[in-house]
Amino acid sequence: MAQFAFFPHTSADVEAMLQKIGVQKLEDLYSDVPAEFLKKGAYALPDALSEQEIRDYFTALEQMNAHLKVFVGQGAYDHYTPSVIPYLTQRSEFLTAYTPYQCEISQGTLRYIFEYQSMICALTGLDIANASLYDGPTAAAEAMKMAIACTRKKTRVLLSRTLLPQVVKVVETYARFHGVEIGFIKAQEGETSLEDLQAQLAQDNVAGAIVPSVNRYGIVESHAGFADALHDAKALLIEYCDPSALAVVKTPGEWDADIAIGDGQPLGLPLCYGGPYVGFMAVKKDCMRKMPGRIVGQTVDKDGKRVFVLTLQAREQHIKREKATSNICSNESLMALWVTIYLSLMGPQGLREVNRISCDGAHYLYNELLATGKFEEVFPGKPFLKEFVLKSKVAGLPQKLQKAGFFAALETEEGYVSFCVTEKRTKEEIDLLVKTVKEG
């Protein structure tokens, strides 16, 4: 066993543990499980394979996947990932590092989390950011809980009807088990209705409202008057954002929002079948003591040197469970590192260029599709960046495009079709998509 110290237990170890707890065999540990639920007989495991055979096996599995050109967004976007990012994040000091509790040996990890938080603050225009949320929808759910905690006796949180459906579903699930009442703000001409928000605030039990910066139709929303209406009612304005778009659209700070949330996936994280992603949250100083997860702070050591520490850790591991602001304990710092490297490489000018190319491509596709005569506008004149919806006159359009090699025209619950263009899509690909529509 000296050669294989990482093997956990010898037969003698197992026997000693069984004797210690007073059972005769391992099966006795499952004596409470009804016999009909226990597997009987041998496991159907394949024969052992060589390294090359395993590589060939998984290569064959991968070839079964359909490799499509992605022209869909809806919360997950096919942006370019600089090749240096996976190279750096797969280094052993990053890939295997867990939650940095021991500050004296975790300065590198703590520093890049601090840099990530600083960059999120710069993008959102708010004061404080954290670094331990799973994805955008769960960040929205945590913001809902924050609104209740910050306003205390209020019990209702409003969601815009223009939010992504997956965000709404996750928030509703959290609300159901936390005693929070969910209400909805109507959409008016594709945007969140200020008039309906003001009408609902008259009920005086609203803790906050979650509205999208860029909504599920791709429209860049105007939130003029939202903060005033909510703050007059002692409620919080929460903006759900695409962080990439924040390089060119009005920021939550400029809208006087109290909390900004969203998914960091557009900042260079590959689609990868839905994850792992990283949720972000930034808040005004007034809200920071109700933030979930962890915050890395900057201070100095006894020699006056700059160091980094975990601070404001109001989680159940540090205080009584019922007083915790969150039960989140995951380490999302690897994805935060990915985003940090991406933002460092792109810089403000690079992010603006990403949005410019995406916007040009999206508007070109929009106009070309309308020119086919097979689509109708849904929200004419509304501003959009890289994503839009249209009414299609072509039956089975998503399936026809998929056969031609495109993931496009995702159908919405209203019966629209959604398209998205990022900087990865070329004019030739766009023209081929339009040609496929014409021939369909």
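Summarised in this report is the structure supplied together with it. What you are looking at is a predicted structure, and each value in this text was computed from that prediction instead of being measured.

**Thoughts on the pattern of salt bridges**
Reasoning step 1: In the structure shown here, the tally under the stated rule is 20 salt bridges.
Reasoning step 2: With its nearest N and O atoms 3.3 Å apart, the salt bridge here joins Glu181 to Arg156. Placement of Glu181 in strand E4 (residues 181–185) and of Arg156 in strand E3 (residues 156–160) is noted, with a sequence separation of 25 residues between them.
Reasoning step 3: Look at Glu181 and you get partly exposed, because its relative accessible area is 40%.
Reasoning step 4: Note that Asp360 is salt-bridged to Arg356, the shortest N-O span being 3.0 Å.

**Notes on a nonpolar patch on the surface**
Reasoning step 1: Residues Ile21, Leu26, Leu29, Tyr30, Val33, Phe37 and Leu38 make up a contiguous nonpolar surface patch of roughly 710 Å² in combined accessible area.
Reasoning step 2: Inspection of the secondary structure assignment puts Leu26 in the loop between helix H1 (11–21) and helix H2 (51–62).
Reasoning step 3: When its relative accessible area of 45% is taken as the criterion, Leu26 is described as partly exposed.

**Side note on the packing of helix H6 (residues 136–151) against helix H7 (residues 165–176)**
Reasoning step 1: In the contact formed by H6 and H7, the axes pass within 8 Å of each other and the chain directions differ by 45°. Compared by their axis directions, H6 and H7 come out oblique. Of the two possible hands of crossing, H6 and H7 adopt the one that is right-handed. The residues of H7 that touch H6, namely those facing Pro137, Thr138, Ala140, Ala141, Glu142, Met144 and Lys145, are Gln166, Val167, Val170, Val171, Tyr174 and Ala175.
Reasoning step 2: Taken together, the residues that form the contact of H6 with H7 break down as 9 nonpolar, 2 polar and 2 charged.

**A look at the sheet that holds strand E16 (residues 410–411)**
Reasoning step 1: With respect to topology, 4 strands assemble into an open sheet ordered E13-E14-E17-E16, the strand pairing being antiparallel. Edge positions in the open sheet fall to strand E13 (375–377) and E16, since each of these has one partner strand only.
Reasoning step 2: With 2 bridges joining them, E16 and strand E17 (residues 417–420) adopt antiparallel strand pairing. Across the sheet, Leu410 pairs through a bridge with Ser418, a residue of E17.
Reasoning step 3: Across the sheet, helix H10 (residues 333–371) is in contact with E13, strand E14 (387–392) and E17; its angle to E14 comes to roughly 10°.

**Comments concerning the packing of aromatic side chains**
Reasoning step 1: Summed over all chains, the structure comprises 12 aromatic pairs.
Reasoning step 2: Geometrically, the ring pair formed by Phe71 and Phe406 is edge-to-face, given 5.8 Å between the ring centres and 65° between the ring planes. Taken together, the residues Phe71 in the loop between strand E1 (69–70) and helix H3 (84–89) and Phe406 in strand E15 (residues 406–407) connect sequence positions 335 residues apart. Side by side, Phe71 and Phe406 carry an identical accessibility label, which is buried.
Reasoning step 3: For the pair Phe384 and Phe388, a centre-to-centre distance of 5.5 Å together with 50° between the ring planes defines the contact as tilted.
Reasoning step 4: An aromatic cluster of at least three residues, connected via ring pairs, comprises Tyr366, Phe375, Phe384, Phe388 and Phe419.
Reasoning step 5: Here Lys250 stacks its cationic end above the ring of Trp255, 4.1 Å away from the centre of that ring.
Reasoning step 6: Taking NZ or CZ as reference, Arg425 lies 5.8 Å from the ring centre of Phe71, over its face.

**What about the nonpolar core?**
Reasoning step 1: The biggest cluster of nonpolar side chains holds 40 residues, and the ones touching the most others in it are Tyr116, Leu267, Val296, Val339, Tyr342, Leu343 and Leu351.
Reasoning step 2: Counting only elements with at least two residues in this core, the list comes to helix H5 (107–124), strand E10 (279–283), strand E12 (306–311) and H10.
Reasoning step 3: Not counting residues up to four positions away in its chain, the partners in contact with Leu351 are Leu123, Ser244, Ala247, Leu267, Tyr342, Leu343 and Met346.
Reasoning step 4: Among the nonpolar cores identified, the runner-up in size contains 32 residues, and Ile148, Val168, Val171 and Cys287 belong to it.

**Section: the pairing of E4**
Reasoning step 1: Two elements, E3 and E4, share 5 bridges in a ladder whose sense is parallel. In the sheet register, Leu158 faces E4, and the bridge partner there is Gly183.
Reasoning step 2: In this fold, E3 hands off to H7, which returns the chain to E4; that crossover is right-handed.

**Section: the side chain of Thr372**
Reasoning step 1: Here Thr372 lies in the loop between H10 and E13.
Reasoning step 2: Relative accessible area serves as the criterion here: at 19%, Thr372 is assigned to the buried category.
Reasoning step 3: At a separation of 2.5 Å, a polar atom in the side chain of Thr372 contacts the main-chain carbonyl oxygen of Leu369.
Reasoning step 4: Engagement of the side chain of Thr372 in a polar contact is seen with the backbone nitrogen of Lys374, the distance being 3.2 Å.

**Let's talk about the packing of H5 against H10**
Reasoning step 1: Relative to each other, H5 and H10 sit at 45°, their axes nearing to 9 Å. Taken together, the axis directions place H5 and H10 in an arrangement best described as oblique. Crossing of H5 over H10 shows left-handed handedness. Contact with H5, carried on its side by Thr109, Tyr112, Ile113, Glu115, Tyr116, Met119 and Leu123, involves Ser333, Leu334, Ala336, Leu337, Val339, Thr340, Leu343, Ser344 and Leu351 of H10 and no other residues of that element.
Reasoning step 2: Taken together, the residues of the contact of H5 with H10 break down into 11 nonpolar, 4 polar and 1 charged.

**Focus on the sheet that holds strand E7 (residues 206–212)**
What holds strands together in a sheet is hydrogen bonding between their backbones, with the strands either parallel or antiparallel.
Reasoning step 1: Taken in spatial order, the 7 strands of this open sheet run E2-E10-E9-E8-E7-E3-E4, and their pairing is mixed. Because the sheet does not close on itself, it has two edges, and the strands there are strand E2 (128–129) and E4.
Reasoning step 2: In this sheet, E10 lies alongside strand E9 (residues 259–263) in antiparallel orientation, the contact comprising 5 bridges. Bridged to Ala260 within E10 is Ala282.

How each quantity is defined
- Residues numbered from 1 in each chain as written.
- Predicted model: local features only at pLDDT ≥ 70, side-chain atom pairs only at ≥ 80, totals over all residues.
- Heavy atoms only, no water.
- Salt bridge = Lys/Arg side-chain N within 4 Å of Asp/Glu carboxyl O.
- Helix = DSSP H or I, 4+ residues; strand = E, 2+ residues; numbered from the N terminus.
- Buried < 20%, exposed > 50% of the residue type's maximum accessible area, 1.4 Å probe, protein only.
- Patch = residues over 30% accessible without salt bridge, like charges linked within 9 Å, V, L, I, M, F, W, Y side chains within 5 Å.
- Areas by Shrake-Rupley, 256 points an atom, 1.4 Å probe, with all protein chains shown as cover.
- Axes fitted to C-alpha atoms, helices over the stretch in contact; angles between N-to-C directions.
- Parallel < 35°, antiparallel > 145°, perpendicular 65-115°, else oblique.
- Left-handed = near helix turned anticlockwise from the far one by under 90°.
- Contact = heavy atoms within 4.5 Å.
- Nonpolar A, V, L, I, M, F, W, Y, C, P; charged D, E, K, R; others polar.
- Pairing = 2+ DSSP bridges.
- Phe/Tyr/Trp six-rings, centres within 6.5 Å; stacked < 30°, edge-to-face > 60°.
- Lys NZ or Arg CZ within 6 Å of the ring centre and 35° of its normal.
- Core = buried A, V, L, I, M, F, W, Y, C linked by side-chain atoms within 4.5 Å.
- Right-handed = clockwise from strand over helix to strand, strands pointing away.
- Polar contact = N/O pair within 3.5 Å; in protein donor to acceptor, adjacent residues only side chain to side chain.

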